[in-house]
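# Report on the structure
Letter by letter, the chains look like this.
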Amino acid sequence: CGNIASDVTGMTVTCDAPAGVGKNLRCLVVSDTGSSQASVEALMNYEPPSIESVSSTSPGGVLTIKGNKFGSQSAAVRVEIGGEPCTDVVLNVAHTQITCKAPLKAPGGIPVTHQNGVNLPLVVTVAGQSNPIPSSFSYSLLFLSVFFSFFIFLFKLTNVFTSNKTSFWTIQ
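Please read all numbers here as calculations on a predicted model, not as lab measurements.

### Quick notes on the packing of aromatic side chains
Applying the stated criterion to the full structure yields 1 aromatic pair. Here the aromatic rings of F137 and Y139 are separated by 5.1 Å at their centres, their planes lie at 80°, and the arrangement is edge-to-face. Taken individually, F137 and Y139 each receive the classification buried, so the pair is uniform in this respect.

### Digging into the sheet that holds strand β5 (residues 50-54)
Read across the open sheet, the 4 strands follow the order β5-β6-β10-β9; overall the sheet is antiparallel. The open sheet terminates on both sides in strands that have one partner only, identified here as β5 and β9 (87-93). Across the sheet, the mean angle separating the axes of adjacent strands is 30° when strand polarity is ignored. For strand β6 (residues 62-68) and strand β10 (residues 97-101), the ladder comprises 5 bridges, and the chain directions are antiparallel. Paired with L63 across the two strands is C100, which belongs to β10.

### Description of the pattern of salt bridges
Tallied over the entire structure, the rule returns 4 salt bridges. Close ionic contact of E41 with R26 constitutes a salt bridge, the shortest N to O distance being 2.9 Å. Linking E41 in strand β4 (residues 37-44) with R26 in strand β3 (residues 25-32), this pair joins segments that are 15 residues apart in sequence. Of the two residues examined, E41 and R26, each falls in the exposed class. For D88, the salt bridge is made with K101, and the minimal N-O distance between the two is 3.5 Å.

### A look at unusual backbone geometry
Unlike most non-glycine residues, D88 shows phi in positive territory, near 50°. For D88, the position within the fold is in strand β9.

### Some words on the side chain of E84
The topology assignment puts E84 in strand β8 (residues 84-85). In this structure E84 is buried but unpaired, with R78 as the nearest side chain of opposite charge at 8.1 Å. The contacts of E84, once residues within four sequence positions are left out, are V79, P103, K105, A106, P107, G108 and G109.

### Things to note about the nonpolar core
Counting residues in hydrophobic clusters, the biggest one holds 21 residues, and the most contacted among them are L63, I65, V79, I81, I98, L122 and V124. Elements with a contribution of two residues or more to this core: β6, β7 (77-81), β9, β10 and β13 (120-126). In terms of residue count, the dominant contributor to this core is β13 (4 residues). With residues near it in sequence (within four places) discarded, I81 still touches L63, C86, A102, P103, L120, P121, L122, F137 and Y139.

Conventions and cut-offs
Residues numbered from 1 in each chain as written. Predicted model: local features only at pLDDT ≥ 70, side-chain atom pairs only at ≥ 80, totals over all residues. Heavy atoms only, no water. Phe/Tyr/Trp six-rings, centres within 6.5 Å; stacked < 30°, edge-to-face > 60°. Buried < 20%, exposed > 50% of the residue type's maximum accessible area, 1.4 Å probe, protein only. Pairing = 2+ DSSP bridges. Helix = DSSP H or I, 4+ residues; strand = E, 2+ residues; numbered from the N terminus. Axes fitted to C-alpha atoms, helices over the stretch in contact; angles between N-to-C directions. Salt bridge = Lys/Arg side-chain N within 4 Å of Asp/Glu carboxyl O. Lys, Arg positive; Asp, Glu negative; His and termini not counted. Contact = heavy atoms within 4.5 Å. Core = buried A, V, L, I, M, F, W, Y, C linked by side-chain atoms within 4.5 Å.

Rendered as C-alpha coordinates:
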(Lines give C-alpha, C1' and ligand atoms only; values in the text may rest on other atoms or scores of the structure.)
Protein backbone atom coordinates (compact mmCIF):
# COMPACT_ATOMS: atom_id res chain seq x y z
CA CYS A 1 0.00 0.00 0.00
CA GLY A 2 0.97 3.58 -0.56
CA ASN A 3 0.04 6.74 1.38
CA ILE A 4 -0.39 4.88 4.66
CA ALA A 5 -2.12 6.91 7.37
CA SER A 6 -3.80 6.23 10.68
CA ASP A 7 -6.29 8.22 12.71
CA VAL A 8 -5.42 9.95 15.96
CA THR A 9 -6.28 6.90 18.03
CA GLY A 10 -4.24 4.54 15.87
CA MET A 11 -7.28 2.27 15.54
CA THR A 12 -7.97 2.99 11.87
CA VAL A 13 -5.41 2.62 9.12
CA THR A 14 -5.99 3.72 5.53
CA CYS A 15 -3.84 3.33 2.44
CA ASP A 16 -3.99 3.40 -1.34
CA ALA A 17 -4.12 -0.20 -2.53
CA PRO A 18 -2.43 -1.01 -5.84
CA ALA A 19 -4.67 -1.46 -8.88
CA GLY A 20 -6.31 -4.86 -8.80
CA VAL A 21 -9.49 -6.93 -8.94
CA GLY A 22 -11.29 -9.40 -6.74
CA LYS A 23 -13.09 -9.75 -3.48
CA ASN A 24 -12.38 -11.33 -0.10
CA LEU A 25 -8.67 -10.75 -0.55
CA ARG A 26 -6.44 -11.25 2.48
CA CYS A 27 -4.94 -8.04 3.83
CA LEU A 28 -2.36 -8.06 6.61
CA VAL A 29 -1.71 -4.90 8.62
CA VAL A 30 1.47 -4.91 10.70
CA SER A 31 2.19 -2.23 13.28
CA ASP A 32 5.70 -1.81 14.55
CA THR A 33 6.10 0.71 17.36
CA GLY A 34 9.75 -0.08 17.95
CA SER A 35 9.17 -1.83 21.25
CA SER A 36 6.40 -4.15 20.06
CA GLN A 37 4.85 -5.49 16.91
CA ALA A 38 1.21 -6.37 16.24
CA SER A 39 -0.62 -7.62 13.17
CA VAL A 40 -4.24 -7.81 12.14
CA GLU A 41 -5.64 -9.78 9.21
CA ALA A 42 -8.72 -8.59 7.37
CA LEU A 43 -10.49 -9.18 4.06
CA MET A 44 -10.76 -6.47 1.43
CA ASN A 45 -12.72 -6.06 -1.79
CA TYR A 46 -11.87 -4.06 -4.88
CA GLU A 47 -14.77 -2.21 -6.50
CA PRO A 48 -16.65 -4.25 -9.15
CA PRO A 49 -16.26 -3.45 -12.86
CA SER A 50 -18.36 -0.69 -14.40
CA ILE A 51 -19.44 -0.20 -18.02
CA GLU A 52 -19.38 3.23 -19.66
CA SER A 53 -20.10 2.38 -23.31
CA VAL A 54 -20.73 -0.61 -25.57
CA SER A 55 -20.43 -0.76 -29.35
CA SER A 56 -23.23 -2.29 -31.40
CA THR A 57 -22.53 -5.41 -33.42
CA SER A 58 -24.15 -8.39 -35.03
CA PRO A 59 -24.14 -11.92 -33.55
CA GLY A 60 -20.61 -13.29 -33.86
CA GLY A 61 -19.25 -9.77 -34.48
CA VAL A 62 -16.65 -7.96 -32.42
CA LEU A 63 -18.02 -6.06 -29.45
CA THR A 64 -16.03 -3.28 -27.73
CA ILE A 65 -16.79 -2.49 -24.09
CA LYS A 66 -15.30 0.57 -22.39
CA GLY A 67 -15.39 1.09 -18.66
CA ASN A 68 -13.35 0.71 -15.50
CA LYS A 69 -11.96 -1.92 -13.18
CA PHE A 70 -11.63 -4.66 -15.81
CA GLY A 71 -8.28 -5.82 -14.41
CA SER A 72 -5.12 -6.60 -16.34
CA GLN A 73 -5.60 -10.26 -17.31
CA SER A 74 -8.01 -11.39 -20.05
CA ALA A 75 -8.35 -14.83 -18.43
CA ALA A 76 -10.07 -13.25 -15.40
CA VAL A 77 -12.75 -11.51 -17.54
CA ARG A 78 -16.09 -13.02 -18.58
CA VAL A 79 -18.67 -11.21 -20.74
CA GLU A 80 -22.29 -12.35 -21.19
CA ILE A 81 -25.11 -10.98 -23.31
CA GLY A 82 -28.52 -12.22 -22.21
CA GLY A 83 -26.80 -14.97 -20.23
CA GLU A 84 -24.94 -16.27 -23.31
CA PRO A 85 -21.12 -16.04 -23.09
CA CYS A 86 -19.03 -13.97 -25.48
CA THR A 87 -15.94 -15.70 -26.88
CA ASP A 88 -12.38 -14.57 -27.59
CA VAL A 89 -12.41 -12.08 -24.70
CA VAL A 90 -9.38 -9.77 -24.87
CA LEU A 91 -8.44 -7.01 -22.46
CA ASN A 92 -7.13 -4.41 -24.95
CA VAL A 93 -6.36 -1.64 -22.49
CA ALA A 94 -5.69 -2.70 -18.89
CA HIS A 95 -8.67 -1.96 -16.65
CA THR A 96 -10.59 0.08 -19.29
CA GLN A 97 -11.34 -1.72 -22.60
CA ILE A 98 -12.47 -5.22 -23.58
CA THR A 99 -13.20 -6.72 -26.99
CA CYS A 100 -14.94 -10.05 -27.56
CA LYS A 101 -17.03 -11.92 -30.12
CA ALA A 102 -20.74 -11.56 -29.42
CA PRO A 103 -22.70 -14.80 -28.96
CA LEU A 104 -24.40 -16.27 -32.03
CA LYS A 105 -27.45 -17.22 -29.97
CA ALA A 106 -30.04 -15.30 -27.97
CA PRO A 107 -31.03 -16.29 -24.42
CA GLY A 108 -32.00 -19.95 -24.35
CA GLY A 109 -29.67 -20.83 -27.23
CA ILE A 110 -32.08 -19.81 -30.01
CA PRO A 111 -31.06 -17.76 -33.09
CA VAL A 112 -31.04 -13.98 -32.67
CA THR A 113 -34.01 -12.20 -34.30
CA HIS A 114 -35.38 -8.66 -34.36
CA GLN A 115 -37.64 -9.67 -31.45
CA ASN A 116 -35.19 -11.34 -29.05
CA GLY A 117 -32.01 -9.40 -29.91
CA VAL A 118 -32.87 -6.15 -28.13
CA ASN A 119 -32.53 -4.86 -24.57
CA LEU A 120 -30.47 -7.83 -23.40
CA PRO A 121 -28.54 -7.61 -20.13
CA LEU A 122 -24.78 -7.19 -20.68
CA VAL A 123 -22.72 -8.40 -17.72
CA VAL A 124 -18.94 -8.12 -17.27
CA THR A 125 -17.50 -10.33 -14.53
CA VAL A 126 -13.92 -9.85 -13.37
CA ALA A 127 -12.39 -12.15 -10.74
CA GLY A 128 -15.84 -13.08 -9.41
CA GLN A 129 -17.29 -9.55 -9.34
CA SER A 130 -19.90 -8.34 -11.84
CA ASN A 131 -21.07 -4.88 -12.79
CA PRO A 132 -23.84 -4.25 -10.23
CA ILE A 133 -26.41 -2.97 -12.74
CA PRO A 134 -26.31 -4.83 -16.06
CA SER A 135 -26.06 -2.62 -19.13
CA SER A 136 -28.71 -3.01 -21.79
CA PHE A 137 -27.41 -4.31 -25.13
CA SER A 138 -29.18 -4.59 -28.50
CA TYR A 139 -27.73 -6.21 -31.58
CA SER A 140 -27.21 -3.94 -34.59
CA LEU A 141 -30.57 -2.90 -36.09
CA LEU A 142 -29.06 -3.20 -39.57
CA PHE A 143 -28.20 -6.85 -38.87
CA LEU A 144 -31.64 -7.56 -37.44
CA SER A 145 -33.35 -5.96 -40.44
CA VAL A 146 -31.21 -7.89 -42.95
CA PHE A 147 -31.58 -11.13 -40.97
CA PHE A 148 -35.37 -10.78 -40.82
CA SER A 149 -35.59 -9.98 -44.56
CA PHE A 150 -33.33 -12.95 -45.38
CA PHE A 151 -35.47 -15.22 -43.18
CA ILE A 152 -38.62 -14.16 -45.08
CA PHE A 153 -36.81 -14.71 -48.39
CA LEU A 154 -35.79 -18.24 -47.37
CA PHE A 155 -39.29 -18.97 -46.17
CA LYS A 156 -40.63 -18.18 -49.64
CA LEU A 157 -38.26 -20.60 -51.36
CA THR A 158 -39.74 -23.96 -52.22
CA ASN A 159 -38.04 -27.11 -53.32
CA VAL A 160 -39.40 -28.40 -56.64
CA PHE A 161 -38.65 -31.93 -57.84
CA THR A 162 -38.70 -32.82 -61.53
CA SER A 163 -39.62 -36.21 -62.89
CA ASN A 164 -35.97 -37.34 -62.94
CA LYS A 165 -35.58 -36.48 -59.23
CA THR A 166 -33.27 -33.52 -59.94
CA SER A 167 -33.84 -30.78 -57.43
CA PHE A 168 -33.68 -27.03 -58.00
CA TRP A 169 -34.97 -23.97 -56.17
CA THR A 170 -37.65 -21.58 -57.41
CA ILE A 171 -39.05 -18.44 -55.87
CA GLN A 172 -42.82 -18.17 -55.59
